[in-house]
Each structure stands twice: as C-alpha cells, then as structure tokens.
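Architecture at a glance
Spelled out from the first residue to the last, the chains are:
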Amino acid sequence: MSLATPTISKPSLSWKTKIAMSIITAVTDASSRTDGTVNRRLSDFLDPRCPPNPNPINSVSSSDVTVDPLRKLWFRFYTPCPATEPPSSAALPVVIFFHGGGFAFLSAASKAYDAVCRRLSRILPAYVVSVNYRRTPEFRYPSQYEDGFDVLKFLDADEDDNGPFSLPQNADLSKCFLAGDSAGANLAHHMAVRAAQAGFRTLKVIGLISIQPFFGGEERTESETRLVGAWLVSLSRTDWAWKVFLPEGSDRDHAAANVSGPNAVDISKLDYPDTVVLVGGLDPLKDRQRRYYQWLKKSGKEAELIEYPNMIHAFYIFPEIPESRQVFSQIKQFVTKTLSKSKL
C-alpha cells in the first residue's frame, strides 16, 4: 500500500514534543565530536534508562539475558502477562527488535525503547527480544551485524547451550519477526538477509517491520537536501554517523548503507520475509526509504509502504502523538496478516 504525500512545511507536533526533540538533537550534537569520537559520559548521562522488571509494567514483564559477557552482548526479553495473552497453550510469535540511534547512541535499556518494546509485546501480543548491540565508533561495522546475528543463533540453539535461559513453551520461533527503527531497521534488514542465507534449525523469519530505516548513499536525494534543518537526521549528522560506522576508506555506497545501490546484495532468490516500511513525510531519509520499498518490490518480495505525511524522524516513540498509536495499530495489522498467511 502506498499513500501519496503532499508537500508540507511544518510538522504537526505539540510544543512538548518539539521541546523534547530539540533537547535530544542538542545532546546528540554535543556528544558527537568532530574527530569521530563520542562523549560517552555526556550521551549516557542524558539517556534515561530502565532496569528489567519481573513484575508486570503495563501488563508486560522483562528480564535481561546475557549472550556473550566478553563483548557485553545481551538482550532484554519481554513477556506479555496472562491478562493480555491468549490461553497458555496458544503459540505467540517472537519479535526481535533493534533500537535506533545512528549505531552510536541509545541502548536496549533506554527508557524510550523499553516503552516501545512493552507496547509491542502487549498490543500484538508477542514475546519481544530487544538486542543490545555494540555501538560505534568504539566498535565499527560489522560489529553490530555480528551481534545481531549471534542473538539469532543464540535463540535458535538447543536450550542446553543457552545456560539458564529458555524460551517459554508457547514462544513460536517458526513465526519470527524482525523489527527496528532508524539504524535498528538497517540492522533488521541485514539480519533478514543473513537469516535467509543461514538455514536455521528452528528460527524462521516470516516478517520484517522497518520503521523509518536509516540508509545512505553517495548521491544526495531531494528530501535530504530540502529538509536540511530537520531534527536528528540532517545531512551533517547522517554523514558523521556513516563516517564513524563504515570501514575505513569506504564511502556511503557500501552495501551496509546503500542497500539498494550499486553494491547491493541480490535478494531475488532469497526467502526474504514480507516487509512493511513506515515513512515520515518530514523525514530527510524518506526518499531512501521509498527506494528501499521499490527495490524490494522489484526483487519480487512482498512489501507494503505506509506514509505519515506530517511526521518527522522517530515520531512514533512519542505516545502523545496520535500517529504513534496508528503505527502500533498498523504493525498489529501487518503481524496478524502475516501470521494468517503463514498458516496457509
């Protein structure tokens, strides 16, 4: 589904949201040094975090699971409590979520993403695995992709290999969804490709939820040059993010950034999952996100494009925005439809 986007000059946001976005943008700018390093003390100090809680919050409990203590690789596991679950014998899908932050900021414990994953777990309902991958510039590409794929392998492994952690009996890994926003959606795409190439024992990715994915390229798009004053993802900020993420000497047409560009992986023969791409009309990345959708379709894949004309990058994390509620409703519709299709 593709919805036309009229030309709109200003986002439809409350003053509360505008102030929050201004603060987030200012902190990101202050933490991103021109020498390609991050003021980690400042960025982490101003990133409020939540601990896991075995007691349900908003009908969802959570726990942290270590995958590799040496590289501090872990994930937060969200469980919808019985009030929102079907009968315990009914299988629930597993959603593997990757947070945004330009590969450099935020974490699975960030307050905003803890709230997002609780909403997903409750609304779908589903078990949600929120991956805490290593961040750049301390750890460049492909560290983040290696971390994400190792979490997939961990979930697919025999329970005896995973220490004290085991998935609930009604967690159905054959009905797995990948999800992420911004840089996390970039990760989700690459994990979908790797999963299709891997041939897992039990885990099967049947759906991909791509929320305003972060892609790049050497050629400037119309939306990037027109929306130069945007919060969070202006050209100067995205250029900095790619510079500290990609391998030394690479440009933005690297396959990690320009997934549909000259160095793209051919997915036409892969069992790539059904995908929904969510786009904001005032997001400088929107042209690249549309190209991604078009590339999926040209590659013979099932894809849906949903646009929110008045919305900026990362709008969906603000629950006070009406369109945020629409996003979660659209995601639920996509998951329900994809689950029904998988049963045919």
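For the structure itself, consult the block above.
Presented here is a report on the structure given in the accompanying data block. (Residues numbered from 1 in each chain as written. Predicted model: local features only at pLDDT ≥ 70, side-chain atom pairs only at ≥ 80, totals over all residues. Heavy atoms only, no water.)

Below, the discussion takes up the overall build of the chain. Along the backbone of the chain there are nine helices and eight strands. Expected size for 344 residues packed as a compact globule is a radius of gyration near 20 Å; at 19 Å, the chain falls within 12% of this value. Projected onto the principal axes, the alpha-carbon positions of the chain cover approximately 50 × 45 × 40 Å. Burial analysis of the chain (344 residues in total) assigns 56% to the buried set. For the chain, the share of sequence-separated contacts (at least 6 apart) that also reach a separation of at least 24 residues comes to 78%. Only carbon and sulfur atoms are counted for the fraction: they give 54% of the accessible area of the chain, which is about 14800 Å². (Helix = DSSP H or I, 4+ residues; strand = E, 2+ residues; numbered from the N terminus. Rg over C-alpha atoms; globule rule 2.2 N^0.38 Å. Buried < 20%, exposed > 50% of the residue type's maximum accessible area, 1.4 Å probe, protein only. Contact = heavy atoms within 4.5 Å. Areas by Shrake-Rupley, 256 points an atom, 1.4 Å probe, with all protein chains shown as cover.)

Taken as a whole and judged by the stated rule, the model has 27 salt bridges. The salt bridge involving Arg237 is made with Asp29; its shortest N-O contact spans 2.7 Å. Taken as a pair, Arg237 in helix α7 (residues 235-245) and Asp29 in helix α1 (residues 15-31) lie far apart in primary sequence, 208 residues in all. Residues joined in a network through salt bridges with shared partners are Asp68, Arg71, Arg134, Glu146, Asp147, Asp150 and Lys153. (Salt bridge = Lys/Arg side-chain N within 4 Å of Asp/Glu carboxyl O.)

Here the focus is the layout of surface pockets. Roughly 1100 Å³ of volume is contained in the largest pocket. Around the largest pocket, the lining is made up of 43 residues, and of these Ile24, Thr28, Leu106, Leu232 and Ile317 lie nearest the centre. Taken together, the elements giving at least two residues each to the lining of the largest pocket come down to α1, α2 (40-45), α3 (111-123) and α7. The biggest single contributor to the lining of the largest pocket is α1, with seven residues. Tallied by class, residues from the lining of the largest pocket come to 22 nonpolar, 11 polar and 10 charged. As for the second largest pocket, its lining consists of 17 residues, of which Lys72, Asn132, Tyr133, Arg134 and Arg135 are closest to the centre. Residues that form the lining of the second largest pocket fall into these classes: five nonpolar, three polar and nine charged. (1 Å grid on protein atoms, 1.4 Å probe; cavity = no way out; pocket = protein on both sides within 12 Å on 5 of 7 lines; lining within 4 Å. Points joined across faces, edges and corners; volume = space filled by probe spheres on them. Nonpolar A, V, L, I, M, F, W, Y, C, P; charged D, E, K, R; others polar.)

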